[in-house]
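# Coordinate inspection notes
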Amino acid sequence: MTATSTTTGDTSATAGNAAANPVLRVAPASPAAAAAYFGASLAFHADVSDVAAALAADGDPGFVVLDSRSTESWDQGHVPGAIHLPTALVPEQAEQLLDRAVPVVTYCWGPGCNGATRAALALAELGFQVKEMLGGFEYWVREGFEFETWEGHERRTADPLTAPAGAEDCGC
């Protein structure tokens, strides 16, 4: 017996399976609820590889990248072509630096930092279309993409745990 019926939408788990299996202790969402959730997630997020591919393609990517970290962080390294606007300054400077007609992709240090989320919220409250780049600057570097520092351009070898060795992309 399975813990979830896919034909009826019944999400009740058997008592024995729920107690023994922490994954199914809370039953999965219905397919319709899952589609709504994951569809919404993609409307709010972009991943590092997709941002890099769009920036590397010929022509206008259709968005601007915003680094929401401090000046010291920016100087250590940032996505080439990004606009620097620390999260705390978004309310007072976004109007002068950004065009409302162009979507903004925010990033901060990495998954352990919510600065990009706070910057995205501030921009949305000001009327900008915005997405957050998952993984932030950490994953930009870990995936082997070029970045800029105050000394020039750098690139590190891709971490095989974040990018496939010897392949153009991860196939996602």
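Structure: above.
Residues numbered from 1 in each chain as written. Predicted model: local features only at pLDDT ≥ 70, side-chain atom pairs only at ≥ 80, totals over all residues. Heavy atoms only, no water.

### Section: the pairing of strand 5 (residues 130–134)
Here strand 1 (residues 45–47) runs beside strand 5; their pairing, made up of three bridges, is parallel. The residue of strand 5 that forms the bridge with His45 is Glu132. In the classification by handedness, the crossover that spans strand 4 (residues 104–107), the intervening helix 6 (residues 115–125) and the parallel strand 5 is right-handed. (Pairing = 2+ DSSP bridges. Helix = DSSP H or I, 4+ residues; strand = E, 2+ residues; numbered from the N terminus. Right-handed = clockwise from strand over helix to strand, strands pointing away.)

### Thoughts on the sheet that holds strand 5
As summarised here, the arrangement of the five strands in space is 1-5-4-2-3, forming an open sheet in which the pairing is parallel. The open sheet terminates on both sides in strands that have one partner only, identified here as strand 1 and strand 3 (83–84). Alignment of strand 2 (residues 64–67) against strand 3, held across two bridges, turns out to be parallel. Counterpart to Asp67 in the pairing with strand 3 is His84. In this fold helix 6 packs onto strand 2, strand 4 and strand 5, with an angle of close to 150° to the strand it touches most, strand 4. (Contact = heavy atoms within 4.5 Å. Axes fitted to C-alpha atoms, helices over the stretch in contact; angles between N-to-C directions.)

### Some words on the pattern of salt bridges
Opposite charge on two side chains permits them to pair, given that their charged atoms come into close proximity. For the structure shown, the criterion picks out four salt bridges. Linking Asp67 and Arg69 is a salt bridge whose minimum nitrogen-to-oxygen distance equals 2.7 Å. The class for Arg69 is buried, based on a relative accessible area of 4%. The shortest N-O distance in the salt bridge between Arg142 and Asp159 comes to 2.6 Å. With Arg142 in helix 7 (residues 136–142) and Asp159 in the segment after strand 7 (152–154), this residue pair connects regions lying 17 residues apart in the sequence. Residue Arg142 is classed as partly exposed on the basis of its relative accessible area of 23%. (Salt bridge = Lys/Arg side-chain N within 4 Å of Asp/Glu carboxyl O. Buried < 20%, exposed > 50% of the residue type's maximum accessible area, 1.4 Å probe, protein only.)

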